[in-house]
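For reference, the chains in residue letters:
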Amino acid sequence: MSSSFHFSDPKRGRALADAIQILAPPDPLKIVHVCGTHEMAITRNGLRRFLPKQVALLEGPGCPVCVTPARDIDTAIAMAEAGATLCTYGDMISVPGSQLSLDNARAQGCDIRTVLSAADATAIARETDNEVVFFAVGFETTAPMTAVLALDSPPPNLSILVSHKLIPPALVALLDLPDNRIGAYLAPGHVSTIIGIDPYETWLENHSVPVVVGGFEPLDILYAIALILRQHRDGIAKVENGYPRAVDPEGSPTALGLLEEVFETADVRWRGIGTIPSSGLQLRPPFKHLDALARFDLTLPDEQDVIPGCRCPDILTARAVPSDCPLFAKRCTPLSPIGPCMVGAEGACSIWFRYGGERPL
Amino acid sequence: MTSDKKGARITQLHGAGGELMGELLDRLILPKLGRATAERIGLRALDDGATIACPFTAEGELVLTTDSHVVKPTFFPGGDIGLLAAAGTINDLAVMGARPIALTLAAIIEEGFLFVDLERIIDSFASAIESVGVSVICGDTKVMPAGDVDGILLNTTGVGIARHAVSDAGLCPGDRVVLTGTIGDHGMALLAAREEFNLSTRLQSDVAPVWPMLAPLLESPSGDAVHAMKDPTRGGLAAALNEMARKSGTCIEIDESSIPIREPVLGLSELLGISPFEVANEGKAILIIAPETVDDALRTLRAHPLGTDAAIVGTVTEAYPKRVILDTEVGGRRFLDMPLGDPVPRIC
Amino acid sequence: MRLHDTGYQTTLISSKIRITMCLAAPARVISIADTVATVDYGGVETQCRLETLTEKVSVGDYLLVHTGFAIRRLSPKDGEETLRLFDELSASLGKAEGETKAA
């Protein structure tokens, strides 16, 4: 990457760390972020070392793989078992639904392919007569690409299993949970590139928490944390843009236009959390012919979303950290995962396990 | 001869010990690998075994190593399975502190393998060992029916001799950690070459025999100051450092900003989301060196073309026994743990 | 609900690639053909699509690319501006701290 955008020099790190210490709150403060990439950056760069002891920084439901309901995965598998070529982002391949993962199904003979881009699914569909289903998972950063797929002369044998989710409703849902004790949000940078700042203000108008949009370079994150602490110190609760180079208040009109044209909101289920109103996307009527659910006649058994003893639901709602789960790093490891937070590469448990996130050094 | 025909392929008869196998040896193997050596019974004798004149001196240890190579793709940016096999074995001996003195080479070839490809592979192998002054003294060829093996498999055994072999566990607190060059080149180059990623880069594998770079240091009086060595192949730097920490019971603290790393490797790691610390290196070594001599050692390494980027990257301590710590560029700190598995299938 | 171990290595590689849904590292635009740009990540070139991008893009610009599509155009001066913001914040707090101590 160009050094113009590599923000990690230790001198500025020290300066921002000092700023954070100066702004240290007198009482405990829980900051929640909702982006696996943020958790990766925080843990890989060892950033928790810079936080005052009373400031906790937790990952909420920021891993799209972790929050995709078991039923969606079961549905994708059922379509593949019915003979479809199922295209999925690589991240989804090893997360189990109620029983199997897509990778298990592939080992059993299903035609399941990982793609790096929605465009790849279109290309695959053009090269075969077989039914091709694109498993569209991800948040607002990823949904516009699915919209392009829907608008770009999709071949008749291509359909979409839509499983996109929206971040702002989830932020509200978390705040409405008892015992959440969320003091501030670090909002996801690239979701915000798409949606801008306004949705946070709209969704959170009845809640009084600081929200700062943060980038992903180490210094971006320290900067955003400092802005949060400054708001907290000053008793302010507003939405602040800590990533202006990549985020405009109005977001990306082109990307938003694509979303608006192809999708409408729906009440959808988040694994480990439950149904959150208006938190997902579904295809608008002009695009319903692309809906994979309409093309395949499937009956699925009741899903089992959560495993007894597994604390993913608490971890996903930022009420626990991975090391609070009795299974973490003992029975549940990336090599033998039990819950989705350990399987998803962006899941808190997976990241903590791999990068030693259990204690700041 | 059958192999002269364009598009000629290996058949099962070539492995059967008869005429065709004789042709294969005479026309391909012996001309490339059978250079005259001091050995009384060497490759050209095509005997059941080969001899090595007893190299024992009053002090010294014989070092053996063996490796099987199944890299895919067989021909990759910067090398091929032949170079990889030769370098891999020479490097295993080198990081034990042993001067390579002889190699064996066994090939298991799939029926249908192209002669010209086999020729390229043998040429690569031959050039690599020639550059180090070591010979193949015996070998074996097997041909398997199509489908029973994927392309070609090579096995090499290396014999070397060391005044005093260097383990990977002799770390002492206070020792400095030296890397002989940039990290992540081989693993990332092979990843980038995968068709499905549609990437184009000039990044090449770093595969190379490291003995010529290490010999001046190891065979000098300062050689004793090298307390431990390892080559960071499968599992990359992270795996090698963790093994060294575990075996020695020490802590290894690494300074992220000192690790030499090429820009395309960084670019690929951002693009693909794979850490450059977890992918294989095939032309590098980790040396653990006593602090008093490390600056001289560094100068010696840098004098060789393969060592121009050699750098001190860390220190052995007792902070967290058996663990590896990374001091991150921005000033943070975290564990650098054993990777879960080789992120790239079959690269060595 | 244990995972079966079949095809572990392939699983690992595909689960590691594109592991982050927010992942978007900046790449420099080398050429543009209609709705496709060829971009360079420090010596690694690949293509990305432009349909999801609001800003106009020219050769030499930088793009944040996510799952093969551009989501934002950046220029080096954006980078400089970012550094200025960091420094401004640190300075304002350092100054305020200094004043508090002096008082």
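Residues numbered from 1 in each chain as written. Chains lettered and ligands numbered in written order. Predicted model: local features only at pLDDT ≥ 70, side-chain atom pairs only at ≥ 80, totals over all residues.

### Re the overall build of chain B
Then step 1. Helix and strand counts for chain B stand at 8 helices and 14 strands.
Then step 2. For chain B, whose C-alpha radius of gyration is 21 Å, the value lies close to the compact-globule estimate of 20 Å for 348 residues.
Then step 3. Dimensions of chain B, computed from C-alpha atoms along their principal axes, come out at roughly 65 × 55 × 30 Å.
Then step 4. Across the 348 residues of chain B, 53% fall into the buried class.
Then step 5. Considering only contacts within chain B whose residues lie at least 6 apart along the sequence, 84% involve residues at least 24 apart. (Helix = DSSP H or I, 4+ residues; strand = E, 2+ residues; numbered from the N terminus. Rg over C-alpha atoms; globule rule 2.2 N^0.38 Å. Buried ≥ 20, exposed ≤ 12 C-beta atoms within 10 Å, placed from the backbone. Contact = placed C-beta atoms within 7 Å.)

### As for the interface of chain A and chain B
Then step 1. Taken together, the 22 residues of chain A in the interface contact 15 residues of chain B.
Then step 2. Mapped by element, the contributors of at least two residues to the side of chain A that touches chain B are α1 (10–22), α2 (36–44), α11 (218–233) and α16 (348–355) of chain A.
Then step 3. Grouping the constituent residues of the side of chain A that touches chain B by class yields 12 nonpolar, 6 polar and 4 charged. (Nonpolar A, V, L, I, M, F, W, Y, C, P; charged D, E, K, R; others polar.)

### As for the pairing of strand β8 (residues 211–214) of chain A
All names here are of chain A.
Then step 1. Burial of the side chains of β8 extends over both faces: V211 and V213 are buried on one face and V212 and G214 on the other.
Then step 2. Bridging between strand β7 (residues 184–188) and β8 involves 4 bridges; their strand directions are parallel. Residue pairing across strands places P188 opposite G214, the latter belonging to β8.
Then step 3. The sheet contact formed by β8 and strand β9 (residues 239–241) spans 3 bridges and is parallel. If you follow V213 over to β9, its bridge partner there is N241.
Then step 4. On the question of chirality, the crossover connecting β8 to the parallel β9 by way of α11 is left-handed. (Pairing = 2+ DSSP bridges. Right-handed = clockwise from strand over helix to strand, strands pointing away.)

### As for the interface of chain A and chain C
In many analyses, interface size is given as the accessible surface area lost on bringing the parts together.
Then step 1. Of the residues lining the interface, 60 residues belong to chain A; the matching set on chain C comes to 49 residues.
Then step 2. Listed by contribution, the elements that provide at least two residues to the side of chain A that touches chain C are α1, α2, α5 (102–107), α6 (118–126), α7 (143–151), α9 (189–195), α11 and α12 (253–262) of chain A.
Then step 3. Here the side of chain A that touches chain C is composed, by residue class, of 35 nonpolar, 19 polar and 6 charged.

### Things to note about the environment of L268 of chain B
Then step 1. Within the element layout of this structure, L268 of chain B appears in helix α7 (residues 263–272).
Then step 2. Assessed through the 28 C-beta atoms surrounding it within 10 Å, L268 of chain B is described here as buried.
Then step 3. Remark: the alpha-carbon pair of L268 of chain B and G184 of chain B, spanning 84 residues in sequence, is separated by 9.9 Å.
Then step 4. The residues contacting L268 of chain B, other than those within four sequence positions of it, are M188, L191 and A192 of chain B together with V44 of chain C.

### Re the domain arrangement of chain B
Residues and elements named next belong to chain B.
Then step 1. What the domain assignment lists for chain B is domain 1 (2–162) and domain 2 (176–335).
Then step 2. Distance from the C-alpha centre of domain 1 to the C-alpha centre of domain 2: 28 Å.
Then step 3. Each partner contributes residues to the interface: domain 1 has 21 residues there, and domain 2 has 21 residues.
Then step 4. Taken together, the elements giving at least two residues each to the side of domain 1 that touches domain 2 come down to α2 (81–94), β4 (99–110) and α3 (115–132).
Then step 5. Examining the composition of the side of domain 1 that touches domain 2, we find that 9 residues originate from one element, α2, more than from any other.
Then step 6. Across the side of domain 1 that touches domain 2, the residue classes break down as 13 nonpolar, 6 polar and 2 charged. (Domains from an automatic or database assignment.)

### Notes on the domain arrangement of chain A
Residue and element names in this part refer to chain A.
Then step 1. What the domain assignment lists for chain A is domain 1 (7–64 + 167–241), domain 2 (65–166 + 251–295) and domain 3 (312–355).
Then step 2. Its C-alpha centre places domain 1 at a distance of 29 Å from the equivalent point of domain 2.
Then step 3. Each partner contributes residues to the interface: domain 1 has 14 residues there, and domain 2 has 22 residues.
Then step 4. For the side of domain 1 that touches domain 2, the secondary structure elements donating two or more residues are α8 (167–175) and α9.
Then step 5. Taken together, the residues of the side of domain 1 that touches domain 2 sort by class into 11 nonpolar, 3 polar and no charged.

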